[in-house]
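# Geometric and topological summary
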Amino acid sequence: MLVVLGAVLTVGGCTSGTADRAGGTAGAPATPVAGAAGAAATVMMDDITAVFENGATVPQYAYITDLHDGCGYTAGWIGFCSQSGDMLGLVKSYNAAAPHNVLAKYTTVLQRLADSGSEDTGALGGAFVRDWKKAALDPAFRRLQIQVGHDTYLTPARKLGAQEGVKSELGLENLFDTALMMGQGADDCDGMVKIAHETDKALGGNPASGVNEATWLARFNTVRRKHMKHPCTPDRGSDWPQAVDRSRALQELADRGEWDLKAPLTVSADFKRTISRPQD
C-alpha cells in the first residue's frame with residue numbers, strides 16, 4: 001500500500017502561500033488547466049517521482065535496497081515494497097506478461113511476505129537483488145513498473161481529483177505523490193483521501209464547490225505536512241518527518257505558477273533537480 005522513501009529526502013520547511021476563496025497563491029492561474037493530466041504531464045509526473053524517490057530525473061527501474069524501515073526491500077521506480085504487497089502485484093503482472101521471467105520463482109515467497117506483513121528480506125535469498133536488476137533490463141518489466149504504479153496510485157488520484165474538482169496538472173501531481181507515499185485508500189489514516197477531506201473541512205468546500213484551486217492546494221499541503229510530521233501510520237514516525245520537502249517542493253511549483261508541469265521544470269526545496277526532457 002505505502003511506498004517508502006528514497007535516501008535523498010531532506011527536511012524542508014513550510015511554503016504555503018496566503019490564500020482565500022477569492023485569491024490564491026502567487027502565480028496561480030485564474031482558471032486551472034483542464035483535463036489533468038495529459039500524456040506529456042503524466043511523464044513529467046513520473047520523473048518528479050524519480051526525483052523524490054532517488055534524486056534522479058528519470059525513473060530508476062533497477063533500484064533496490066533494504067532501508068530497514070519496516071518495508072523489507074524497496075525497489076524500482078516508486079519503491080515497490082516486499083512487505084506491503086505492491087511488489088508482489090508487480091511481479092504477478094510480470095508473470096502474466098512473461099511467465100519465465102527471472103523474478104517468477106520468487107512469487108510464492110513474496111506472497112507469504114505480503115500475507116504476513118513481514119519485512120524479512122532474507123527469505124528471498126541472496127540472488128534476489130541481482131535478479132531484480134536483471135529484470136530491470138527488460139523493457140516489458142520497465143513498462144509494467146509504470147503501468148502498475150499508475151494503476152495503483154495515479155488512477156485513484158485521478159478519481160479523487162475529479163470528485164474534488166482539481167483540474168490542474170500540478171494539483172493531480174500533489175494527489176498522486178500523496179497517494180504513492182502515504183496511501184490511496186479511504187482507510188489510510190494519513191492518506192490522500194483523509195488529507196483531502198480534512199482540507200475540505202478546513203476550507204468549507206473544495207474546487208468543485210467554488211474554492212479556488214490554489215487556495216485548496218496550499219491548505220492541502222499544510223495538512224499533508226502535519227500528517228508527515230506526526231503520522232498515525234505505524235512505523236512512519238522516523239522517516240516521514242524527514243520527507244516534508246516533497247510537499248514543500250510541490251508547493252513551490254504552485255508559488256511559481258508551474259501549474260501545467262511543462263519542461264524544463266526545476267524541483268526545488270532540497271532536491272534541486274531540473275527535468276529538461278521528460279521520459280519514462
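These lines cover the structure that appears in this document, whether it is placed above or below. (Residues numbered from 1 in each chain as written. Predicted model: local features only at pLDDT ≥ 70, side-chain atom pairs only at ≥ 80, totals over all residues. Heavy atoms only, no water.)

### Considerations on the overall build of the chain
Helix and strand counts for the chain stand at nine helices and five strands. When the helices and strands of the chain are placed in sequence order, the string is α-β-β-β-α-α-α-α-α-α-α-α-β-β. By the burial criterion, 54% of the 280 residues in the chain qualify as buried. By element, 52% of the accessible surface of the chain is carried by carbon and sulfur atoms, the whole surface being about 11100 Å². (Helix = DSSP H or I, 4+ residues; strand = E, 2+ residues; numbered from the N terminus. Buried < 20%, exposed > 50% of the residue type's maximum accessible area, 1.4 Å probe, protein only. Areas by Shrake-Rupley, 256 points an atom, 1.4 Å probe, with all protein chains shown as cover.)

### Remarks on the packing of helix α2 (residues 86-97) against helix α3 (residues 107-116)
Two numbers describe a pair of packed helices, the interaxial angle and the distance between the axes. As a packed pair, α2 and α3 sit with axes 9 Å apart at the nearest point and diverge in direction by 155°. Classed by the angle they form, the pair α2 and α3 counts as roughly antiparallel. Where α2 crosses over α3, the handedness of that crossing is left-handed. Contacts between α2 and α3 involve M87, L88, V91, K92 and N95 on the former and, on the latter, T107, L110, Q111 and A114. The residue makeup of the contact of α2 with α3, split by class, is five nonpolar, three polar and one charged. (Axes fitted to C-alpha atoms, helices over the stretch in contact; angles between N-to-C directions. Parallel < 35°, antiparallel > 145°, perpendicular 65-115°, else oblique. Left-handed = near helix turned anticlockwise from the far one by under 90°. Contact = heavy atoms within 4.5 Å. Nonpolar A, V, L, I, M, F, W, Y, C, P; charged D, E, K, R; others polar.)

### What about the packing of aromatic side chains?
Tallied over the full model, the rule gives seven aromatic pairs. Here F128 and W132 contribute two aromatic rings whose centre-to-centre distance is 6.3 Å and whose plane-to-plane angle is 55°, an arrangement assigned as tilted. Taken together, the residues span about one helical turn, with F128 and W132 both in helix α4 (residues 128-135) at a distance of four residues. Ring plane angle 80° and centroid distance 5.1 Å describe the contact between W132 and F141, whose orientation is recorded as edge-to-face. Taken together through their ring pairs, the aromatic side chains of Y73, Y94, Y106, F128, W132 and F141 make up a single cluster. (Phe/Tyr/Trp six-rings, centres within 6.5 Å; stacked < 30°, edge-to-face > 60°.)

Any link to function would need more than the numbers given here.
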